[in-house]
Structure formats: C-alpha cells, structure tokens
Amino acid sequence: SNVLLSKQDEGKSSGAFMTVFRGKYNKYIYYVFNSTMFNYLSGTFSTSTVNQLTTGNLNNMASPLPPEDDQNKIVAYLDRKTASIDVLIKDKQKLVELLKEKKQAIISESVTKGLDHNVPMKYSGIDWIGEIPKNWQIVPLFSVAQENKVKNIGNSCTNLLSLSYGNIIQKDININDGLLPESFENYQVVNNGYTILRLTDLQNDKRSLR
C-alpha cells in the first residue's frame, strides 16, 4: 500500500512521501484512503507517467464522515478484521515461498541428474552442477544456444512485449505508459519459444524471479 499510518509522535519524513494528513479522524481517514473508493478516485485525478496525485486533488476529494461513535466502532472492527487477514496473508506468503523453492529444486534436480536415479553417475567437473548421469555431456552454452541479435530495424514489428516479474506482457506501443524510447529500432525481435533473460535483475534482484 502507498498509504501509511504513522505510529510515532515525532519523526522525519522522506521527500518522496506525499502530504501528511492530520486531525481527530486520523485512523478512520486512513481506512478511507485504503478503500477501493479512494483507489478509483485517485486514478481519475492521476497525471503523468508515474500516476502522481497532487495535494490539491486530495484536498478536494469528498469523504464520508459518520458520527464519531460510529467511526470508533468502524475503526475497531477494521483493526480486528485486517489484523486477522494480515496473518493469513503472511502464512500464504510463507507457503508460496516454500512452493517456489520446491519448484526450483525439482527443476534443478531434473536438469542436472535426470529422472532415473538408478543410473551410474560421474562428476561433471563443475562445482555448482555436481554429479551427472555417466552418459551425459558437459558443453559450453554457446554450442546449444545463441544470443538473439535480430533488431527491429524500420520498426517493422509493433507488438511490444515487456518482461515483468517472470511474466511476458503485451503493451500498447501507441500509449506512453512509463518510460519509452524515441525509437524501437534497437529492440530485439523475438519469436515463439525463445528464452528471455533480464540480466540486470538476475544479478541484483533474485527475489523478483524475472
């Protein structure tokens, strides 16, 4: 969430943060900002490629305001419900991480050891690979895969693809959503079945699994 509730009496805020709202309705307004209603309204006011709201937009937004007793009851109810949901989310996240590790372990075991665990093995000569089946070979990657160097000269291809967190998504080449180059001629043309690596993320952001 991009909406946070301060839990400190004093502190400093980053220049990247939005305006701080304060008042007697703090916790209730915090939940308003986390509602689907606010998400919809903020989307209608957003400008620029980074979807930045202005303080003026926020000040002019309408907000429901029940009597203070009702506010307190709503806040207490939401505190209980969201806390229990957060626990479930945390448990699910742990399960997802375990399943991802299991998936990666199954892949690693299969591509380095094969499916028949009873065949004779030999040392591969590569520490991270370890032992491989005796009738397997170790070869340099360039002998079985080549780097794609086909460029989009003349912008002949207009099907724009983006690699995002392990998924390839199609983008509209005519919509200026985010940072886009002046020309797509230096983009690579890829075909069905190509393996795509985003090397910077592989080095610096292993958890994204891009």
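Residues numbered from 1 in each chain as written. Predicted model: local features only at pLDDT ≥ 70, side-chain atom pairs only at ≥ 80, totals over all residues. Heavy atoms only, no water.

### Topic: a nonpolar patch on the surface
- On the surface, a cluster of nonpolar side chains totalling about 390 Å² of accessible area is made up of Leu161, Ile168, Val190, Tyr194 and Ile196.
- Locating valine 190 in the fold gives a position in the loop between strand S4 (167-171) and helix H5 (199-204).
- The class for valine 190 is partly exposed, based on a relative accessible area of 33%. (Patch = residues over 30% accessible without salt bridge, like charges linked within 9 Å, V, L, I, M, F, W, Y side chains within 5 Å. Areas by Shrake-Rupley, 256 points an atom, 1.4 Å probe, with all protein chains shown as cover. Salt bridge = Lys/Arg side-chain N within 4 Å of Asp/Glu carboxyl O. Helix = DSSP H or I, 4+ residues; strand = E, 2+ residues; numbered from the N terminus. Buried < 20%, exposed > 50% of the residue type's maximum accessible area, 1.4 Å probe, protein only.)

### Here's the deal with the packing of aromatic side chains
- Applying the stated rule across the entire model yields two aromatic pairs.
- Measuring from ring centre to ring centre gives 5.2 Å for tyrosine 30 and tyrosine 31, while their planes differ by 55 degrees; the resulting arrangement is tilted. (Phe/Tyr/Trp six-rings, centres within 6.5 Å; stacked < 30°, edge-to-face > 60°.)

### A short note on the pattern of salt bridges
- Applying the stated rule across the entire model yields two salt bridges.
- In this structure, aspartate 79 and lysine 27 form a salt bridge, with 2.9 Å as the shortest nitrogen-oxygen distance. You can see aspartate 79 sitting in helix H4 (residues 68-113) and its partner lysine 27 sitting in helix H1 (residues 26-33), a full 52 residues away along the chain.
- The partly exposed category is assigned to aspartate 79, whose relative accessible area is 29%.
- Between aspartate 69 and lysine 73 there is a salt bridge, with its nearest N and O atoms 3.4 Å apart. Taken as a pair, aspartate 69 and lysine 73 lie in helix H4 at a separation of four residues, close to a single helical turn.
- Residue lysine 73 is classed as exposed on the basis of its relative accessible area, which comes to 53%.

### Re the side chain of threonine 112
- The topology assignment puts threonine 112 in helix H4.
- Residue class for threonine 112 comes out buried when judged on its relative accessible area of 14%.

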